[in-house]
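Structural characterization, general
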Amino acid sequence: MLLLGTSHVGKSTCAARIGRAAGWPVVSTDQLGRHPGRPWTGVPEPVTEFYLRLTDDAIHWFLRVHHENMRPIIQGRIKALCEAGSGFILEGAALRPEYVPDWGIGEAVAVCLHVEPQVLRERIARESHYSRRDGRLKTAIDKFAERSVRENEAFIEAAIRHDIPLMDVTDPEAADRLAVELTSRLAGAREL
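How each quantity is defined
Residues numbered from 1 in each chain as written. Predicted model: local features only at pLDDT ≥ 70, side-chain atom pairs only at ≥ 80, totals over all residues. Heavy atoms only, no water. Salt bridge = Lys/Arg side-chain N within 4 Å of Asp/Glu carboxyl O. Helix = DSSP H or I, 4+ residues; strand = E, 2+ residues; numbered from the N terminus. Buried < 20%, exposed > 50% of the residue type's maximum accessible area, 1.4 Å probe, protein only. Axes fitted to C-alpha atoms, helices over the stretch in contact; angles between N-to-C directions. Left-handed = near helix turned anticlockwise from the far one by under 90°. Contact = heavy atoms within 4.5 Å. Nonpolar A, V, L, I, M, F, W, Y, C, P; charged D, E, K, R; others polar. Disulfide = S-S within 2.5 Å.

The name an unreviewed UniProt entry gives the protein is AAA family ATPase, with Labrys neptuniae as the organism.

Structure below.
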């Protein structure tokens, strides 16, 4: 199973819940290679500078280049997980919908999660403790949020183009229903 979507849409939470229920390992693309991530929680100063010095367009472009560079690493990981013969859940922002057709996932389920832009901004503000940050860090967080909103829209468009199911998880109850539904689908697949 592949769970796609930008930062802060709930991929890790959903993947962990499904993994526990299905007894499958959860692998995050964050474990395979890191892009300048969240400009808070003790990251090195160059990460903050990355967000402060670059335009929103450049930040988004660099993210897409990072994902392109991650593509063969992810493909290798998927191949190894498939060859192991047991189920797995791979989640991450580097799992771009446009790459899925090339990864040979066979009958595996791929779902793209997305949220409303304002909710995405609110989640990022809450998780970054935005209100307690200084002006410089607030600017970096704002730029990270803009990057994430752009990615959210790009994921939606690409998922539609590549016939990957979309799930709006703006409502936390929708995310819970998705986890239950996907766990049930996995259980049914194991019984075949």
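**A short note on the pattern of salt bridges**
Within this structure, the stated rule accounts for 13 salt bridges. Among the ionic pairs, Glu49 bridges to Arg53, the shortest N-O distance being 2.6 Å. In this pair, Glu49 and Arg53 are both assigned in helix α2 (residues 45-53), four residues apart and thus about one turn of the helix distant. Among the residues examined, Arg53 registers a relative accessible area of 68% and is labelled exposed. Here Arg71 ties to Glu68 by a salt bridge, and the two come within 3.5 Å at their closest N and O atoms. Linking Arg71 with Glu68, this pair stays in helix α3 (residues 56-84), spanning three residues, or about one helical turn.

**Let's talk about the environment of Leu186**
By secondary structure assignment, the location of Leu186 is in helix α6 (residues 172-191). Residue Leu186 is classed as buried on the basis of its relative accessible area, which comes to 5%. Distance from Leu186 to Met1, taken between C-alpha atoms, is 8.7 Å for residues 185 residues apart in sequence.

**Brief notes about the packing of helix α4 (residues 117-128) against helix α5 (residues 135-161)**
Direction vectors running N to C along α4 and α5 enclose 145°, while the axes themselves pass 10 Å from each other. The two elements α4 and α5 meet at a crossing, and its hand is right-handed. Residues Pro117, Leu120, Arg121, Ile124 and Ser128 of α4 lie in contact with α5, whose contacting residues are Ile141, Phe144, Ala145, Glu146, Ser148, Val149, Asn152 and Glu153. Taken together, the residues that form the contact of α4 with α5 break down as seven nonpolar, three polar and three charged.

**Observations concerning the state of the cysteines**
Following the criterion strictly, the structure yields zero disulfides and no others. Cysteine Cys14 is unpaired, with the sulfur of Cys112 as its nearest cysteine sulfur at 12 Å. Given the relative accessible area of 6%, Cys14 is considered buried.

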